[in-house]
Amino acid sequence: MDNLKKLLLKIVGIAVGLATWIFIYLNIKSWSETLVYQLLNLSHSSLASALAYFIYDTVKIFLLLILMVYLLAWIRTGLKVEVVRNTLQRLPRWLGYTFGSIFGAITPFCSCSSIPLFLGFTSSGIPLGITAAFLITSPIINEVAVVVLFGLLGTELTLIYIVIGLLAGMLGGIFLDAINADRWLEDFIKEAINRNGCTPMQTHYESISFDQRHQFAKAETVAIVHRVGKWIVLGVGVGALIHGFVPEAWISEHLADGQWWSVPLAVILGTPLYTNVTGIVPIMESLLIKGLPLGTTFAFSLSSVAISLPELLMLKQAMKPKLLILFFGYLMVMFTIVGFVMNAVQAYLY
């Protein structure tokens, strides 16, 4: 009876914690704006915008990190991870890349918010190519952005954007697996892969109690948050400064002529502009209206949502420098090629 009472209390505690998580998550944006613009009484300046953005994104990412790592750790204690891994390996690999990209497309995360899931999947032994397909596609596509894209840019450009996002993820996964890029993961990821695939966990997973699962998930969450927390704060801080102080008008003014170098330059300029796809769609519309070529606009927008300095700082904890360079190099080359191709066929799309 006492054990049942303890179990019920723990279940109630988790339920209350989840309800609190949802309540905070749904109110972060309004609370951050209230704090900056009303309680601190800051004007609607670049500094105020950057501060509100920093508070909102930092809290949001930490909430997602805690929830996702806890849930994935909990699941790993009761599932034979090697069965999932072997199933994916027995399937045609292209199907795994497809699943990874599609899952990325239906999860509404920005480039930094998708990293907790990437860490959890990779630590569970899912092939790096498949998790990379998710990581690449997730910030590029989400259901809200698709609706906004359709409303502002029409059906044709929306479909093109979706196809580009899915292909970028799939081809990225193929590339990383082809060069055996998992050898350049950081040691703690490799250790987690080995630990989750060890014989004791496979043998006794059915007998793990509720409390043991909770303690394991809690320990995993604390360890990962402690490891990457400082990089989240630093990364979002950099992104918030860029978000608040980089003038968008300058970009369209200097890239509207369509010279060949404008595409790689757009990719380079878009890289530090940490934003999400929903926020970039109206910018895409304004850039196109101001005369920026279609391919240059796509290159800039894709790089700004899929590549960012904050993401690099966070992934630095999971990827060794060589893998980081290859990962971001692939994205920059991919989006440059997309820009060139879209500029070349623009006449046939309008």
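For the structure, see preceding data.
Residues numbered from 1 in each chain as written. Predicted model: local features only at pLDDT ≥ 70, side-chain atom pairs only at ≥ 80, totals over all residues. Heavy atoms only, no water.

Colleague: Sorry if this is basic, but what is going on with the overall build of the protein chain here?
Modeller: What the protein chain contains, in helices and strands, is 17 helices and 0 strands. Of all 350 residues assigned to the protein chain, the portion counted as buried reaches 48%. Once local pairs closer than 6 in sequence are excluded, the contacts in the protein chain between residues at least 24 apart make up 83%. For the protein chain, the exposed area adds up to about 16600 Å²; of that, 70% sits on carbon and sulfur atoms. (Helix = DSSP H or I, 4+ residues; strand = E, 2+ residues; numbered from the N terminus. Buried < 20%, exposed > 50% of the residue type's maximum accessible area, 1.4 Å probe, protein only. Contact = heavy atoms within 4.5 Å. Areas by Shrake-Rupley, 256 points an atom, 1.4 Å probe, with all protein chains shown as cover.)

Colleague: What am I meant to see in the packing of helix α4 (residues 93-105) against helix α6 (residues 128-140) here?
Modeller: Relative orientation of the contacting elements α4 and α6 amounts to 30°, with a least axis distance of 7 Å. Classified by the angle between their axes, α4 and α6 sit roughly parallel to one another. Between α4 and α6 the crossing geometry is right-handed. Two secondary-structure elements touch here, α4 through Arg93, Gly96, Tyr97, Gly100, Ser101, Phe103, Gly104 and Ala105 and α6 through Gly129, Ile130, Ala133, Phe134, Thr137 and Ser138. Tallied by class, residues from the contact of α4 with α6 come to 6 nonpolar, 7 polar and 1 charged. (Axes fitted to C-alpha atoms, helices over the stretch in contact; angles between N-to-C directions. Parallel < 35°, antiparallel > 145°, perpendicular 65-115°, else oblique. Left-handed = near helix turned anticlockwise from the far one by under 90°. Nonpolar A, V, L, I, M, F, W, Y, C, P; charged D, E, K, R; others polar.)

Colleague: What should I look at first to understand unusual backbone geometry in this one?
Modeller: Backbone phi values are negative for most residues with the exception of glycine, while trans is the configuration of most peptide bonds. Even without being a glycine, Asn41 presents a positive backbone phi close to 55°. Tracing the chain through its elements places Asn41 in the loop between α1 (2-39) and α2 (46-78). A positive phi angle, near 55°, is found at Asn180, a position not held by glycine. Among the residues examined, Asn180 registers a relative accessible area of 47% and is labelled partly exposed.

Colleague: Sorry if this is basic, but what is going on with the packing of aromatic side chains here?
Modeller: A ring pair, where both rings are aromatic, is described by two values, the distance of the centres and the angle of the planes. Counted according to the given criterion, the structure contains 6 aromatic pairs. Taking the centre distance of 5.9 Å and the plane angle of 70° together, the rings of Tyr161 and Phe298 count as edge-to-face. On the criterion of sequence distance, the pair formed by Tyr161 in helix α8 (residues 155-178) and Phe298 in helix α15 (residues 294-306) is long-range, its members being 137 residues apart. The ring of Tyr56 is capped by Lys29, whose NZ or CZ atom sits 5.2 Å from the centre of that ring. (Phe/Tyr/Trp six-rings, centres within 6.5 Å; stacked < 30°, edge-to-face > 60°. Lys NZ or Arg CZ within 6 Å of the ring centre and 35° of its normal.)

Colleague: Would you take a moment to explain the packing of α6 against α8 for this structure?
Modeller: What describes two packed helices is the angle between their axes and the distance between those same axes. Look at α6 against α8: their axes get within 7 Å of each other, and the N-to-C directions meet at 155°. On the basis of the axis angle, α6 is roughly antiparallel to α8. When you trace α6 past α8, the crossing you get is right-handed. Across the interface between the two elements, Leu128, Gly129, Ile130, Ala132, Ala133, Ile136, Thr137 and Ile140 of α6 pack against Tyr161, Gly165, Leu166, Ala168, Gly169, Met170, Gly172, Gly173, Leu176 and Asp177 of α8. Here the contact of α6 with α8 is composed, by residue class, of 11 nonpolar, 6 polar and 1 charged.

Colleague: So what exactly am I meant to see when it comes to the nonpolar core here?
Modeller: Note that soluble globular proteins tend to have their nonpolar side chains buried in a common cluster. Formed by 64 residues in total, the largest nonpolar core has its most connected members in Ile140, Tyr161, Leu315, Phe327 and Phe335. Sorting elements by how many residues they give to this core places helix α17 (residues 321-349) first, with 11 residues. The residues touching Leu315, leaving out its near neighbours within four places in the chain, are Ile115, Phe118, Leu135, Leu324, Phe327 and Phe328. Ile28, Leu63, Leu72 and Phe134 belong to the second largest nonpolar core, which has 9 residues in total. (Core = buried A, V, L, I, M, F, W, Y, C linked by side-chain atoms within 4.5 Å.)

Colleague: What am I meant to see in the environment of Tyr25 here?
Modeller: Summarising the element assignment, Tyr25 is placed in helix α1. Along the chain, Tyr25 and Lys60 lie 35 residues apart, while their C-alpha atoms are 6.6 Å from each other. When sequence neighbours within four positions are dropped, the list of residues in contact with Tyr25 reads Lys60, Leu63 and Leu64.

Colleague: Where do I start with the pattern of salt bridges in this structure?
Modeller: Any two side chains of opposite charge can pair, so long as their charged atoms come close to each other. For the structure shown, the criterion picks out 2 salt bridges. One salt bridge connects Lys320 with Asp187, and the closest N-O pair in it is separated by 3.7 Å. With Lys320 in the loop between α16 (309-315) and α17 and Asp187 in helix α9 (residues 187-196), this residue pair connects regions lying 133 residues apart in the sequence. On the basis of relative accessible area, Asp187 is assigned to the partly exposed category, the value being 43%. (Salt bridge = Lys/Arg side-chain N within 4 Å of Asp/Glu carboxyl O.)

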